[in-house]
Amino acid sequence: MVWKLTAKLYQYYQLTTSFLYVALLSRWIIIFPLVGMKFLPGGLHEFLMYLLFFSSVIEIIWLFVFRGIKGAFRSRTLLKDLNFLYFVLIFHFYDDYEHALVLKNMSYSLFIVSVSLSQTYCHAIQIFKRSPNYKRKTLLWKLDTFILMPVLYCSEFSLFLLNQRFPNFHTTKELDQLNKFILVIYFPLALSCYRKYIARS
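My aim in this report is to walk through the structure given alongside it, one point at a time. (Residues numbered from 1 in each chain as written. Predicted model: local features only at pLDDT ≥ 70, side-chain atom pairs only at ≥ 80, totals over all residues. Heavy atoms only, no water.)

Once that is clear, we can look at the overall build of the protein chain. Along its length, the protein chain carries five helices and zero strands. Since a compact globule built from 201 residues should have a radius of gyration of about 17 Å, the 18 Å found for the protein chain is in line with a globular shape. Dimensions along the principal axes, computed over C-alpha positions, put the protein chain at roughly 50 × 35 × 35 Å. Across the protein chain, the mean location of the 22 positive side-chain charges is 17 Å away from that of the 10 negative side-chain charges. (Helix = DSSP H or I, 4+ residues; strand = E, 2+ residues; numbered from the N terminus. Rg over C-alpha atoms; globule rule 2.2 N^0.38 Å. Lys, Arg positive; Asp, Glu negative; His and termini not counted. Charge placed at Lys NZ, Arg CZ, Asp CG, Glu CD.)

Written as C-alpha cells, this is what we have:
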C-alpha cells in the first residue's frame, strides 16, 4: 500500500514537473516576440528560479528515497540538480532581476529553451515503467543528447562568464571565488559526465 502510494506520488511529481517546464517554454514563446531580450527577465525569471529550485530539491529527495545515500551520491542526476541549485544561488536576483545585464543576453534565452525542452523530456520518460526491451536511443533521445544538452551546457557557461563580467551587489568576495572555481571545473566535469551518459545509454 505504501509502495503504491509512493509510486503514484513519484508519477505525479514527474508529470507536474514536465508540465511546468512546458509552461516555462510556452511563456518564453509568448513573451520573447513581444518584449525581446531587454524585458524578458521581468516576465520569466521568477518562475524559472522557483521551478529550478523546487524541481531539483524534490528530485534529490526522490533520489535518496529510491537509491539510498550511496546510490544517490553516485548518480549524475544529483550532480544535475546541484548544478541547477547553484544556478539559482547565483542568478536569483530576487529584488532587481529586471535590470540585471547578464539576463539581457541571448544566452539567457538559449538556456530557457534548452532547459525547458531537455527537462520536459527527462521527466516525461520517467512517468511510466519501461519494458526491458525499451529502445532508449530514439529520435527524441538523440535530439536531447546531441543538440539540447550541448546548448544547455554552453549557454549556462556563457551566463557564468557574463556574471563575472557584470558583477552585482549580491556578489560577495567568497561567492566570487566560488564562481571562478566553478568556471575552471565546469567543462571538464560536464564533458566527463556527458561521455559517461552517452557510453551507458
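Right, let's talk about the packing of aromatic side chains for a bit. Taken as a whole, this structure holds 19 aromatic pairs when the rule is applied. Measuring from ring centre to ring centre gives 6.2 Å for Tyr50 and Phe54, while their planes differ by 15°; the resulting arrangement is stacked. One end of the pair is Tyr50 and the other is Phe54, both in helix 1 (residues 2-73) and four residues apart, which spans about a single turn. By relative accessible area, which is 48% here, Tyr50 ends up partly exposed. Judged by its relative accessible area of 46%, Phe54 is partly exposed. Measuring from centroid to centroid gives 5.8 Å for Phe91 and Phe160, while their planes differ by 10°, and the two rings are stacked. With a gap of 69 residues between them, Phe91 in helix 2 (residues 76-91) and Phe160 in helix 4 (residues 139-165) connect regions that are remote in the sequence. One exposure class covers both Phe91 and Phe160, and it is buried. One aromatic cluster in this structure is built from Tyr86, Phe87, Phe91, Phe111, Phe157, Phe160, Tyr186 and Phe187. (Phe/Tyr/Trp six-rings, centres within 6.5 Å; stacked < 30°, edge-to-face > 60°. Buried < 20%, exposed > 50% of the residue type's maximum accessible area, 1.4 Å probe, protein only.)

As a further point, take a nonpolar patch on the surface. Side chains of Met106, Leu110, Leu139, Leu140, Leu143, Phe146, Ile147 and Val151 sit close together on the surface and give an oily, nonpolar patch of about 730 Å² of accessible area. Residue assignment for the nonpolar patch shows that the elements contributing at least two residues are helix 3 (106-124) and helix 4. Broken down by element, the nonpolar patch gets its largest block of residues, six residues, from helix 4. Checked against the element boundaries, Leu139 lands in helix 4. Taking the relative accessible area as the measure of exposure, Leu139 reaches 63% and is therefore exposed. (Patch = residues over 30% accessible without salt bridge, like charges linked within 9 Å, V, L, I, M, F, W, Y side chains within 5 Å. Areas by Shrake-Rupley, 256 points an atom, 1.4 Å probe, with all protein chains shown as cover. Salt bridge = Lys/Arg side-chain N within 4 Å of Asp/Glu carboxyl O.)

This part takes up helix 4. The terminal C-alpha atoms of helix 4 lie 38 Å apart, and with 27 residues this matches the ideal 39 Å at 1.5 Å per residue to within 8%. For helix 4, the principal kink sits at Leu148 and spans about 35°; a proline, Pro150, occurs within the next four residues. (Expected span 1.5 Å × (residues − 1). Bend = angle between axes of the 7 residues up to and from the residue.)

Our focus in this paragraph is the packing of helix 1 against helix 3. The relative placement of two packed helices is expressed as an angle between their axes plus a distance between the axes. Where helix 1 contacts helix 3, the two axes come as close as 12 Å, and the packing angle between them is 30°. In terms of orientation, helix 1 lies roughly parallel with respect to helix 3. Viewed along their axes, helix 1 and helix 3 form a crossing whose handedness is left-handed. The residue makeup of the contact of helix 1 with helix 3, split by class, is 21 nonpolar, nine polar and one charged. (Axes fitted to C-alpha atoms, helices over the stretch in contact; angles between N-to-C directions. Parallel < 35°, antiparallel > 145°, perpendicular 65-115°, else oblique. Left-handed = near helix turned anticlockwise from the far one by under 90°. Nonpolar A, V, L, I, M, F, W, Y, C, P; charged D, E, K, R; others polar.)

Grouped burial of nonpolar side chains is what soluble globular proteins tend to show. Core analysis: the largest hydrophobic core is formed by 35 residues, its most contacted members being Leu52 and Phe91. Among the elements of the structure, helix 1, helix 2, helix 3, helix 4 and helix 5 (173-200) are those that each provide at least two residues to this core. It is helix 1 that provides the largest number of residues to this core, a total of 11 residues. Once you skip the residues sitting within four places of it in the chain, Phe91 turns out to touch His45, Met49, Val102, Leu103, Leu159, Phe160 and Asn163. (Core = buried A, V, L, I, M, F, W, Y, C linked by side-chain atoms within 4.5 Å. Contact = heavy atoms within 4.5 Å.)

If charged atoms from side chains of opposite charge come close, those side chains can pair. Per the counting criterion, the structure on display carries three salt bridges. Ionic pairing is found between Lys80 and Glu59, a salt bridge with its closest N-O pair at 3.0 Å. Of this pair, Lys80 sits in helix 2 while Glu59 sits in helix 1, and the two are 21 residues apart along the sequence. By relative accessible area, Glu59 is classed as buried at 9%. Classification of Lys80 by relative accessible area gives buried; the value is 18%.

Any functional reading would require information beyond the geometric quantities listed.
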